[in-house]
Amino acid sequence: MVSKEFNGAHCFLPLRSYNQYMKNSFLHFFILIVICSCSDNSSSVSENTRTNRDSGFESYKENFVEELWKIYPGWASSQGYHKYDSVLVIPDEASRQKELSFAKANLDSLKVYDLNSLSDNNKTDHRMIENQLNSIIWSINELRSFEWNPSEYNVSGAFAELLNGNYDSLDVRLRSFYLKMANVPAYYEAAKKNIKNPTVEHTQLAMEQNLGGVSVFEKDFHDVLNKTRFGEHEKQAMEATAKASADAIRDFAKWLKELDNKTPRSFRLGKDLYAKKFEIDIQSGYTAEQIYQKALKHKAYLHRKMYGLTEKLWHKYLSGTHIPEDSLQAIRLMIDKISEKHVEADSFQSAISKQIPMLVEFIKQKDLIYIDPSKPLVVRKEPDYMAGVAGASISAPGPYDKNGNTYYNVGSLSGWDKAKAESYLREYNHYILQILNIHEAIPGHYTQLVYSNQSPSLIKSLFGNNAMIEGWAVYTERMMLENGYGNNEDEMWLMYYKWNMRSTCNTILDYSVHTKDMTKGEAMHLLVDEAFQQKTEAENKWRRVSVTQVQLCCYYTGYTEIYDFREELKKQMGDNFNLKKFHEKFLSYGSAPVKYIRELMLAEMNSTK
Ligand code: ZN
Ligand code: ZN
């Protein structure tokens, strides 16, 4: 299961079953045969060639993924492909050379396929594979985070998945666990050889995360082992290997702590590396600098809008008090006041569940996008292993998970102390809760997922473009309000602007910290004073920006690209523009980068003119 949280690192992979993928390529093959058997008709030649090309590319993709899993067995396991569960790659120079040759060989293979001869689905797959391969080469040769980011070395997550997975019997999973452990000491020895002048922040993170994961080997594995029927002798050998693994992890943490690191690298990526990482990770039609400039302008626009609404609402909520000179202070007072309208802790879950059918009804009424009634969203109470993270998230099965459901997990606040619950409920107040449902569920992430499943592509579920996925969810928030969701209430708009300010400032923060030396004090001013966030939220964001790069930009970048594209089309098409058709067409390309969807949609429009 992969889950998508509204406030975490949105690591997300759309639902896809391997079964479905196999069926699809088989179907393709079948169609090809039918066309060939009647191809004496000369008018079908070009169609025939295209299908031929596509079929060739389909088998290339299948081979490519098989090869990919040999190079990245851990990634394979995490996607539900379990052939290489027992393999742990030692991250040494030899393994990097293997990655490089894999990437270079496949870049050559890709050149065989002329983009123009491929279907739209394969065109985008082709470009996404190419981007992934370039990313591998660039990361090893230029970014070189394997030298400065010790938190890249951590094995416990992958081992925990082997223990907790339910795709195979416990005995089979434990045997893989045992075999995979054999390389743990060599893994950490190679890590030590790689590390050079690491950043202080990533070193700290690596120690915390590695020490936090030792329990997988010392406790969890031991507990599970007792439930198996392995012989006593074998159990002892397994226990000994687990101990050696735990020792290697502790030793790595100790080594990091004692590391003589007189000239640590800055956690700030710097302008050049940042620009390139943005290009590779986001695949936007804009550069990082352009997006930053747009975000700054958007922040000023949001402030103007928010102040206008604050003035308008002042009399209704705060009559008798003076509106502060400082417009930011005035906005904050109004936001605090409006946040008092919220559900009670014990009705948090039911409030979320009740809104889903209302959203569907609104979309139907306004004719905004087709919602497939045969695929209703399954709302459930969050499972125990997610407990503690209130709010809501989407869990979708990975690409190889044949029969998995997609769930909307709704958290519970039971057991929270009063003050913590109150602060949380004010944050996810009456208005924001609705925007959250739009973002996570309908017509946000869940709806996008349903559409992307209609053009199945294993490539897109593995390399799906995060800026497109997040951008769509953020775009739908505004689109719903523009179409009258929330009755155009001033309060709803004010809260929406505050919410939108969060993604906008994520981008400003990320760019400023990594390329413009923004200090922590300046960051706090941005997040707390200008974006009206709580201090805890801002502190957590600072921590996140100091150990990640570019990722925080995906929300705003995707949103602004989709919005700009829609406005561009509206202008071009005038009265012929239809919002519902735009949404359905846009989503039909799957989780591809917005710039490629734009290109394909414009080309199709011009060809049918
Ligand atoms: Zn309250
Ligand atoms: Zn999201």
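Data block above holds the structure.
This section reports on the structure supplied with the text.

What counts and how
Residues numbered from 1 in each chain as written. Chains lettered and ligands numbered in written order. Predicted model: local features only at pLDDT ≥ 70, side-chain atom pairs only at ≥ 80, totals over all residues. Heavy atoms only, no water. Salt bridge = Lys/Arg side-chain N within 4 Å of Asp/Glu carboxyl O. Helix = DSSP H or I, 4+ residues; strand = E, 2+ residues; numbered from the N terminus. Buried < 20%, exposed > 50% of the residue type's maximum accessible area, 1.4 Å probe, protein only. Contact = heavy atoms within 4.5 Å. Pairing = 2+ DSSP bridges. Donors = N, O, S within 2.8 Å, 3.2 Å for Na, K, Ca; no water.

## A word on the pattern of salt bridges
If charged atoms from side chains of opposite charge come close, those side chains can pair. For the coordinates displayed, the defined rule picks out 40 salt bridges. Put simply, lysine 123 and aspartate 120 hold a salt bridge, and the shortest N to O gap is 3.7 Å. Taken together, the positions of lysine 123 and aspartate 120, both in helix 5 (residues 120-143) and three residues apart, correspond to about one turn of that helix. Among the residues examined, lysine 123 registers a relative accessible area of 16% and is labelled buried. Of the charged contacts, one joins lysine 192 and aspartate 251 as a salt bridge, the two residues approaching to 2.5 Å between their closest N and O atoms.

## Some details on the side chain of histidine 126
Mapped onto the fold, histidine 126 is located in helix 5. For histidine 126, the residues in contact, after removing those within four places along its chain, are Phe57, Leu110, Tyr113, Leu115 and Leu118.

## Brief notes about the pairing of strand 4 (residues 407-410)
On a regular strand, one side chain projects to one face of the sheet and the next to the other, so that they alternate. Side chains Tyr407 and Asn409 project from strand 4 onto one buried face, and the interleaved Tyr408 and Val410 project onto a second face that is buried too. Pairing geometry for strand 2 (residues 378-381) and strand 4, over four bridges, is parallel. Bridge pairing links valine 379 to tyrosine 408 in strand 4. Across four bridges, the pairing between strand 3 (residues 392-396) and strand 4 is antiparallel. Directly across from serine 393, in strand 4, lies its bridge partner asparagine 409.

## With respect to the coordination of the zinc ion (ligand 1)
Reference values for angles at a metal are 109.5 degrees in the four-donor tetrahedral case and 90 or 180 degrees in the six-donor octahedral case. For the zinc ion (ligand 1), the protein coordination sphere consists of His342 (NE2), Glu422 (OE) and Glu422 (OE), at 2.1 to 2.7 Å. A residue pair is termed long-range when its members are at least 10 positions apart, and histidine 342 in the loop between helix 15 (327-338) and helix 16 (348-366) and glutamate 422 in helix 17 (residues 418-427) qualify at 80 residues. Classification of glutamate 422 by relative accessible area gives partly exposed; the value is 34%.

## What about unusual backbone geometry?
What you tend to see is this: most non-glycine residues have negative phi, and most peptide bonds are trans. Cis peptide bonds are those with omega within 30 degrees of zero, and the linkage from isoleucine 442 to proline 443 qualifies with 5 degrees. Tracing the backbone through its elements, the reader meets proline 443 in the loop between helix 18 (430-440) and helix 19 (445-452). Positive phi outside glycine occurs at asparagine 488, with the angle close to 55 degrees. For asparagine 488, the location among the structural elements is in the loop between helix 21 (466-482) and helix 22 (490-515). Asparagine 488 sits in the partly exposed class, given a relative accessible area of 45%. Phi at valine 550 takes a positive value of approximately 75 degrees, unusual for a residue other than glycine.

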